[in-house]
Amino acid sequence: MSSESVPRTEQLVLLLTQHQEPLFRYIFSLVACEADARDILQETSLALYRKFDAYDASRPFLPWAYRFAYLQVQKHREKAARSPLLFGEDVMDLLAHDRERMEPELDQRLQLLDGCLAKLTPQDKELVTSRYAMRQGAEEMMQRFAMSRRTLFRNLELLRQRLHECVTRQLQSEGLS
């Protein structure tokens, strides 16, 4: 089905669905709070919907969407001007630029991380998934896995180190680091 035969709203929904994770990661790299990043993602989606008629489908969607996200982050910063900012606008501009530039490398690292996660034992994978994908709290995990707090955090730290080393080894073996 060609993009001309798909209604514009449907095209936008497909593009947003396809690019939601990298768009969220971009926004989250510019704000300190995950809840704020999720709110900004919603505002960005709304802005993209309002301006989608101006989108040139012959060009990549994500860089176009990043500009809207950046503007929404700026609006969020203006609203929160009374609270202390973590860094100035010049630093935020630098972070935004670097984040866009690093997108391919970050995507590669995520793919390698998936492969490294697949190498874990089922229990280790469940432990990592519970903490980072499902965002379970320590108390719940301590009960579920029958571990003390110290053991739980020691195991998570060891797993993070193993995953980091696995990704680093793969990057080196592919000549990417």
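Preceding this section is the structure that the text describes.
Because the structure is predicted, anything quoted here is derived from the model rather than measured.

Draft legend 1. The overall build of the chain, seen in detail. Looking only at helices and strands, the chain has 7 helices and 0 strands in total. Reading the helices (α) and strands (β) of the chain from amino to carboxyl end gives α-α-α-α-α-α-α. The burial tally for the chain puts 34% of its 177 residues in the buried class. Here the contacts in the chain between residues at least 6 apart in sequence split such that 58% fall between residues at least 24 apart. Summed over all atoms, the accessible surface of the chain reaches about 11700 Å², with 54% contributed by carbon and sulfur.

Draft legend 2. Geometry of the nonpolar core. With 27 residues, the main nonpolar core has Leu23, Tyr26, Ile27, Leu48 and Phe61 as its most contacted residues. It is helix α3 (residues 61–79) that provides the largest number of residues to this core, a total of 9 residues. The residues contacting phenylalanine 61, other than those within four sequence positions of it, are Leu12, Leu15, Leu16, His19, Leu48, Phe52 and Tyr55. One finds Leu112, Cys116, Leu117 and Val167 within the second-largest nonpolar core, a separate group that totals 18 residues.

Draft legend 3. Local environment of the state of the cysteines. Evaluated as defined, the whole model comprises 1 disulfide. The partner cysteine of cysteine 116 in its disulfide is cysteine 166, sulfur to sulfur 2.0 Å. Of note, the bridge from cysteine 116 to cysteine 166 carries an S-S torsion of about -85 degrees and is left-handed in sense. Taken together, the residues span a long stretch of sequence, with cysteine 116 in helix α4 (residues 89–118) and cysteine 166 in helix α7 (residues 149–173) at a distance of 50 residues. Each member of the pair cysteine 116 and cysteine 166 is classed as buried.

Draft legend 4. A look at the packing of aromatic side chains. Enumeration over the complete set of coordinates arrives at 8 aromatic pairs. Between the aromatic rings of phenylalanine 24 and phenylalanine 28, the centroid separation amounts to 5.6 Å while the plane-to-plane angle is 25 degrees, which identifies the pairing as stacked. Of this pair, phenylalanine 24 and phenylalanine 28 are both found in helix α1 (residues 8–28), 4 residues apart, which corresponds to roughly one turn of the helix. For phenylalanine 28, a relative accessible area of 33% gives the class partly exposed. Each residue in the set Phe52, Tyr55, Phe61, Trp64 and Phe68 is aromatic and connected to the rest through ring pairs, giving one cluster. The aromatic ring of phenylalanine 24 is capped on one face by arginine 38, whose charged end is 4.3 Å from the ring centroid.

Draft legend 5. Spotlight on α1. Taking the largest bend as the criterion, α1 deviates by roughly 60 degrees, centred on glutamine 20, and proline proline 22 comes between one and four positions later. In this structure, the buried side of α1 is in contact with α2 (34–51), α3 and α4.

Draft legend 6. The arrangement of a negative patch on the surface in detail. On the surface, Glu78, Glu89, Asp90 and Asp93 cluster together into a patch of negative charge. Positionally, glutamate 78 belongs in helix α3. With relative accessibility at 60%, the residue glutamate 78 sits in the exposed group.

Draft legend 7. Main features of the packing of α3 against α4. Taken N-terminus to C-terminus, the directions of α3 and α4 make an angle of 155 degrees; their axes are 12 Å apart at the nearest point. With respect to each other, α3 and α4 are oriented roughly antiparallel. In the crossing of α3 with α4, the sense of the turn from one axis to the other is right-handed. Judged by residue contacts, Leu62, Tyr66, Tyr70, Val73, Gln74 and Arg77 of α3 engage Glu89, Met92, Asp93, Ala96, Glu100 and Glu103 from α4. Split into classes, the residues belonging to the contact of α3 with α4 amount to 6 nonpolar, 1 polar and 5 charged.

Rules used in this analysis
Residues numbered from 1 in each chain as written. Predicted model: local features only at pLDDT ≥ 70, side-chain atom pairs only at ≥ 80, totals over all residues. Heavy atoms only, no water. Helix = DSSP H or I, 4+ residues; strand = E, 2+ residues; numbered from the N terminus. Buried < 20%, exposed > 50% of the residue type's maximum accessible area, 1.4 Å probe, protein only. Contact = heavy atoms within 4.5 Å. Areas by Shrake-Rupley, 256 points an atom, 1.4 Å probe, with all protein chains shown as cover. Core = buried A, V, L, I, M, F, W, Y, C linked by side-chain atoms within 4.5 Å. Disulfide = S-S within 2.5 Å. Phe/Tyr/Trp six-rings, centres within 6.5 Å; stacked < 30°, edge-to-face > 60°. Lys NZ or Arg CZ within 6 Å of the ring centre and 35° of its normal. Bend = angle between axes of the 7 residues up to and from the residue. Patch = residues over 30% accessible without salt bridge, like charges linked within 9 Å, V, L, I, M, F, W, Y side chains within 5 Å. Salt bridge = Lys/Arg side-chain N within 4 Å of Asp/Glu carboxyl O. Lys, Arg positive; Asp, Glu negative; His and termini not counted. Charge placed at Lys NZ, Arg CZ, Asp CG, Glu CD. Axes fitted to C-alpha atoms, helices over the stretch in contact; angles between N-to-C directions. Parallel < 35°, antiparallel > 145°, perpendicular 65-115°, else oblique. Left-handed = near helix turned anticlockwise from the far one by under 90°. Nonpolar A, V, L, I, M, F, W, Y, C, P; charged D, E, K, R; others polar.

The analysis is restricted to geometry; functional conclusions fall outside its scope.
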